[in-house]
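One-letter residues, chain by chain:
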Amino acid sequence: MSNARLDVLISEEELRAKVAEMAAEIDRDYAGQQVLLIAVLKGSVHFLSDLGRALTLDSEIDFLQTSSYHGGKSSSGVVQIRKDLDINIEGLHVIIVEDIVDTGVTLSHLRELLSTRKPKSLKVVALLSKTGTRTVYPPVEYIGFEIPNEFVVGYGLDYAERYRNLPYIAILREE
Ligand code: IMP
């Protein structure tokens, strides 16, 4: 995309406030328990980092990577595991940390896969959820922001690996 315009959708301050709010809610729900936060690479790294530090719970982190977008703007619908977890999740309270839920295909696949490994509980926290784009409906227990069906970048989200470093979320528009 040679001529791209970025329109800020969620500011740095709004992100910070929302992450603190979500962390407080998760702290309350899991009080006294240990949790494993599983971040889905690479888009969720900044969210995991901020959320993980805002939680006061005893928490561990692990990572997995899927691929379905192949550097473009629309999903291929095929979800592959590129990097699997290091930790055995059996008997653990697991929280999947997602950057954004669009069609729901990735998350639905992940929930299914991780459930087979017998965690004590399994929930999902997603920073963003697109409205009206689901083709499947996996449960998402914690949602930061409902956003319109636009392609967004920043705070970990990319377009062909660019823009992940932006401290805010912006809509990427072609000029
Ligand atoms: P889903 O399987 O369609 O729900 O897509 C989920 C994945 O697609 C996310 O984890 C992102 O990596 C990617 N994705 C979906 N929408 C966007 C977007 O607007 N910007 C950047 N990546 C996106």
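Presented here is a report on the structure given in the accompanying data block.

Calculation notes
Residues numbered from 1 in each chain as written. Predicted model: local features only at pLDDT ≥ 70, side-chain atom pairs only at ≥ 80, totals over all residues. Heavy atoms only, no water. Helix = DSSP H or I, 4+ residues; strand = E, 2+ residues; numbered from the N terminus. Rg over C-alpha atoms; globule rule 2.2 N^0.38 Å. Near = heavy atom within 4 Å. Polar contact = N/O pair within 3.5 Å; in protein donor to acceptor, adjacent residues only side chain to side chain. Areas by Shrake-Rupley, 256 points an atom, 1.4 Å probe, with all protein chains shown as cover. Buried < 20%, exposed > 50% of the residue type's maximum accessible area, 1.4 Å probe, protein only. Arc of directions from axis to C-beta. Contact = heavy atoms within 4.5 Å. Pairing = 2+ DSSP bridges. Axes fitted to C-alpha atoms, helices over the stretch in contact; angles between N-to-C directions.

## Focus: the overall build of the protein chain
Piece 1. Helix and strand counts for the protein chain stand at 3 helices and 9 strands.
Piece 2. Listed N to C, the secondary structure of the protein chain is β-α-β-α-β-β-β-α-β-β-β-β in terms of helices and strands.
Piece 3. Computed over the C-alpha atoms, the radius of gyration of the protein chain is 16 Å, within 12% of the 16 Å expected from 2.2 N^0.38 for a compact globule of 175 residues.
Piece 4. C-alpha atoms of the protein chain, sized along the principal axes, occupy 50 × 35 × 25 Å.

## Comments concerning the site of the ligand
Piece 1. Around the ligand, the surrounding shell holds 16 residues, and the nearest of these are D99, T103, G104, T106 and V152.
Piece 2. Measuring from an oxygen atom of the ligand, one finds a side-chain N or O atom of D99 at 2.9 Å.
Piece 3. One of the backbone N or O atoms of D102 is found 2.9 Å from an oxygen atom in the ligand.
Piece 4. Protein contacts shield 91% of the accessible area of the ligand, which totals 500 Å² for the unbound molecule.
Piece 5. For the shell around the ligand, the element with the highest residue contribution is strand 5 (residues 93-101), accounting for 4 residues.

## Some words on helix 2 (residues 45-54)
Piece 1. Taken together, the buried positions of helix 2 are F47, L48 and L51. What you see down the axis of helix 2 is that its buried residues fit within an arc of 95 degrees, all on one side.
Piece 2. On its buried side, helix 2 packs onto helix 1 (12-29), strand 2 (34-41), strand 3 (58-67), strand 5 and strand 6 (121-130).

## Observations regarding the sheet that holds strand 8 (residues 152-153)
Whether parallel or antiparallel, the strands of a sheet pair through hydrogen bonds between backbone atoms.
Piece 1. The sheet built from 3 strands is open, its strands ordered 1-9-8 with antiparallel pairing. Each of the sheet's edge strands pairs with one partner strand only, and the pair in question is strand 1 (4-10) and strand 8.
Piece 2. The sheet contact formed by strand 8 and strand 9 (residues 169-174) spans 2 bridges and is antiparallel. Following the sheet pairing, V153 is matched in strand 9 by A170.

## Digging into helix 3 (residues 105-115)
Piece 1. Among the residues of helix 3, T106, L107, L110, R111 and L114 are the ones counted as buried. Within helix 3, the buried residues cover an arc of 125 degrees as seen down the axis, which keeps them to one side.
Piece 2. Buried residues belonging to helix 3 abut strand 2, strand 3, strand 4 (80-83), strand 5 and strand 6.

## Examining the environment of T131
Piece 1. Examined against the element boundaries, T131 turns out to sit in the loop between strand 6 and strand 7 (142-147).
Piece 2. Distance from T131 to I10, taken between C-alpha atoms, is 16 Å for residues 121 residues apart in sequence.
Piece 3. Dropping the residues within four chain positions of it, T131 is found in contact with E146, I147 and N149.

## Examining the sheet that holds strand 4
Piece 1. Spatially, 4-3-2-5-6-7 is the arrangement adopted by the 6 strands of the open sheet, whose pairing is mixed. Each edge of the sheet is formed by a strand with only one pairing partner; in this case those strands are strand 4 and strand 7. On average, each strand axis in the sheet is tilted by 30 degrees relative to the strand beside it, whichever way the strands run.
Piece 2. Note that strand 3 and strand 4 share 3 bridges and pair antiparallel. Residue pairing for strand 4: T66 is matched across the bridge by I81.
Piece 3. The strands that helix 1 touches are strand 5, strand 6 and strand 7; relative to strand 7, the one it contacts most, it runs at about 150 degrees.

By themselves, these observations are geometric and do not establish any function.
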